[in-house]
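# Structural characterization, general
Okay, here's what each chain looks like letter by letter:
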Amino acid sequence: MKGDFAIILGKELRRIFTDRKLIMFLVVIPMVMLPLIYTFMGRANRSRIADIEGFTPGVAVLMPHDPSPEATEMLSALESADFRVLLLEEGEQDSAKALVSSRELELVVELPGEDLSGEVTVFHNSTSDYSRTAMEEITLIAGALNDSLVRERVAGYGLPPGILTAVRLNSGGDLGMYDLAREGDLMGKIIGMMVPFFIVIYLFANAMKVGLDTVAGEKERGTLATLLVNRVGRISIVMGKMLSVMVAAIVGALSSMAGLKIASRQIIGLFSGPGEVPGGYAMTAADLLQFAVVVIPLAILVASVVMTVSTVARNVKEGQGMITPVYIAVMVIGTTTMQSGDVPPRWMCLVPVFSSLTVMKQIFMDASTWDQTLFAGASSLVLSAVLILLTVRMFNDERILFRL
Amino acid sequence: MLRVEGLTKVFPGRGGRKTVAVKDLSFHTMPGEIYGLLGPNGAGKTTTLRCLSTLLKPTAGNAWIDHISVLEQGESFRSRIGFLTSDMKLDGYFTPEYLTDWFGRLNRVPGEVVRERRKALFSELQMDDFAGRRIDDLSTGMKQKTAIAVSLIHDPDVIIFDEPTNGLDVITSKAVTDFLRNKADAGKTIVLSTHMMTVAEKLCSRFGIIAGGVMKAEGTLQEIAPGGNLEEVFFGHILSGGSSDEG
């Protein structure tokens, strides 16, 4: 009967949304997890930057007995910079390099003798933040010194300094003025990378939490048989339970999006350069509609997958074992969507879940099309229908339902 | 009236080996009658009752309540039975009150009728004191009473209970048997499976003794045990029972 699934759904939802532990897992954790993660990451990042900025790198310099003029200039530039300069004697280079390897010293600089003129050799440790930053700093110092010396020499020949640069790229004003991205596009790209991944993860996590219990758990506890001996049809049972799993999955996805909104300041800080403030992103009504056309069928698909596994499994533990490879595959697909370019290869758009996530990403980047959106939504629904039919068949098969 | 004819259930096993749990079982019961299906563990009682509840599909044979077939009209058949077996449990998160109402709605009983029946069942089974407590927090006896109330909220014509007094203390056990007798007096058809002869002798008006999935004897106490000793007759039949495995 038409209303039977609603009665089943009502009980399942009551079971889910009156249980404090489940609400904590399904609603609160997805909402607070992202702000917590990004607050922690932001603080850690700021603390790391402050630590590096406050640190004075140790630079061991080997000055030859017959230094070239460039070597003398370079030593002077290093001593003027924020470095702790230690002068090495000939033969001490190897022990100084060992100190760089063991992160007790940041750089070893070998300045050129008269015969090598401007040939400076710098040894660093790429695994040390201090050493890497010192290397970047010394590269800038060497570049600035090179420019200054070359300008002096060119001027000595009576030529203008501009003769040294034949082509200039964006040399005037703020670099930002050359970026023609629309207001909000950068934020849309950042959101587009992250939201689809978190949506699919929380859709799946919540569906697993609720869905494995709803059939496999009921088998295990002996409550499924109590339900089956009533007049309600098996299709109504499957639909009622599946819809409750879908609702739980969507609630988790919405909570994670709310968490993403709360965490957006920290995320912007992590993804944008110092001092940059990306424009705000806003979804239009059409974007929201496209988003719903993709997300709701995806939630139905995820709920159907979990329900199918839950029906096959003898108990929750077996169900967890069966669903783990699927969850890992979904995580891989989610990560691939984050990493994939703006236009992934066409064949990848035929992969279930990936097509939905790609469309979501494109909606945020204002690059989606309705035919892609409808294809992604329809493919999720077709696959869900197949899984629901399979689950209903299994519900009528005593060998599977009672594992005879 | 419940009529079972030629009921057979064969379970597939490993390596093509099959287990015949019930073989060509036939019996019938009338309204107002308590029919005792007796047999030791593994005799085929629970399998028979599970076939009658549509949890299992018979390999052969059929059963009817009036003219409704368990094979062809499963949903209608289920709406006419109240089924309870020891391995069927209730969701411990909910209260007896909520679950009884919910199962009533699931069986399409109008809300007002559900409330009246619940009130009557809770009073009869002395459940009022724990009606609002979570099932997880109830004792075995309280859980069993709740399971009985849930299984009967739609006022079925046929009540099928598998070992309903198993694991209960004497007081709860008596409450359950009194309850069943009252239901029979009210015209319900009751099928009861048990291996406890004392319970059967006190409650049942007719008996079927099963061993190895086969009906060994059927009739009133006078018909199957003219001397009046049901236990002696029961042991006589089960000790002569054969194997039920088929290659």
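Preceding this paragraph is the structure being described.
This section reports on the structure supplied with the text. Every chain is numbered on its own, with residues counted from 1 as its sequence reads. Written order determines the labels here, with chains lettered from A and ligands numbered from 1. Only residues with pLDDT of 70 or above have their local features reported here, since the model is predicted, and side-chain atom pairs are shown and tallied only from 80 upward, although totals for entire chains, interfaces and linings are computed over all residues. Only heavy atoms go into the side-chain values, all of them from the structure, while hydrogens and water stay out.

### Looking at the sheet that holds strand β6 (residues 81–84) of chain B
Hydrogen bonding along the main chain pairs the strands of a sheet, whether they run parallel or antiparallel. Residues and elements named next belong to chain B. The cut-off we apply is this: In short, DSSP must find at least two bridges between two strands for them to pair. A run of H or I in DSSP becomes a helix once it reaches four residues, and a run of E becomes a strand once it reaches two; helices and strands are each numbered from the N terminus. Comment: axis = line fitted to C-alpha atoms, over the contacting stretch for helices; angle = value between 0 and 180 degrees taken between N-to-C directions. By the convention used here, residues are in contact when the closest approach between their heavy atoms is within 4.5 Å.
With mixed pairing, 6 strands are arranged side by side in an open sheet as β6-β7-β8-β3-β9-β10. Of all the strands in the sheet, just β6 and β10 (214–219) have a single pairing partner and so form its edges. The average angle at which neighbouring strand axes cross in this sheet is 15°, direction not considered. Strand direction decides the pairing type here: strand β3 (residues 34–38) and strand β8 (residues 189–194), joined by 5 bridges, are parallel. Bridge pairing in β8 places Leu38 opposite Thr194. Against the sheet, helix α1 (residues 45–52) contacts β3, β6, β7 (158–162), β8 and β9 (206–211), and its axis sits at roughly 145° relative to β7. Those strands touched by helix α5 (residues 140–152) are β6 and β7, and its axis lies near 155° from that of β6.

### Considering the interface of chain A and chain B
Just so we agree on the cut-off: By buried area we mean how much accessible surface two parts lose on assembly, using a 1.4 Å probe and totalling the loss over both. We define a salt bridge as a side-chain nitrogen of Lys or Arg found within 4 Å of a carboxyl oxygen belonging to Asp or Glu.
Facing 26 residues of chain A, the contacting portion of chain B comprises 28 residues. Summing both sides of the interface, chain A and chain B together bury roughly 2,800 Å²; the carbon and sulfur share of this comes to 60%. If you sort the residues of chain A by the area they bury against chain B, A:Lys11, A:Val229 and A:Arg231 come out on top, with a joint share of 28%. Across the chain A-chain B interface, the total number found is 3 salt bridges. Among the salt bridges present, the one from A:Arg15 reaches B:Asp91, with a minimum N-O distance of 3.9 Å.

### Some points on the pattern of salt bridges
To be explicit about the condition: Each residue gets one of three labels from its accessible area relative to the maximum for its type: buried under 20%, exposed over 50%, partly exposed in between, using a 1.4 Å probe on protein chains only.
Counted under the stated rule, the structure contains 27 salt bridges over all chains. One salt bridge in this structure joins A:Asp213 and A:Arg221, with 2.9 Å as the shortest N-O distance. Under the relative-accessibility criterion, A:Arg221 is labelled partly exposed at 34%. In this structure, B:Arg115 and B:Glu112 form a salt bridge, with 3.3 Å as the shortest nitrogen-oxygen distance. Note that B:Arg115 and B:Glu112 are positioned in helix α4 (residues 111–124) at a spacing of 3 residues, about one turn of the helix. Several salt bridges share partner residues, and in doing so they unite A:Asp4, B:Glu75 and B:Arg108 into one network.

### Here's the deal with unusual backbone geometry
Residues and elements named next belong to chain B. Phi at Asp66 takes a positive value of approximately 55°, unusual for a residue other than glycine. By the element assignment, Asp66 lies in the loop between β4 (60–65) and β5 (68–69). Note on Asp66: relative accessible area 37%, which makes it partly exposed. Positive phi is not limited to glycine here, since Asp155 has a value of about 50°. By the secondary structure assignment, Asp155 is in the loop between α5 and β7. Under the relative-accessibility criterion, Asp155 is labelled partly exposed at 36%.

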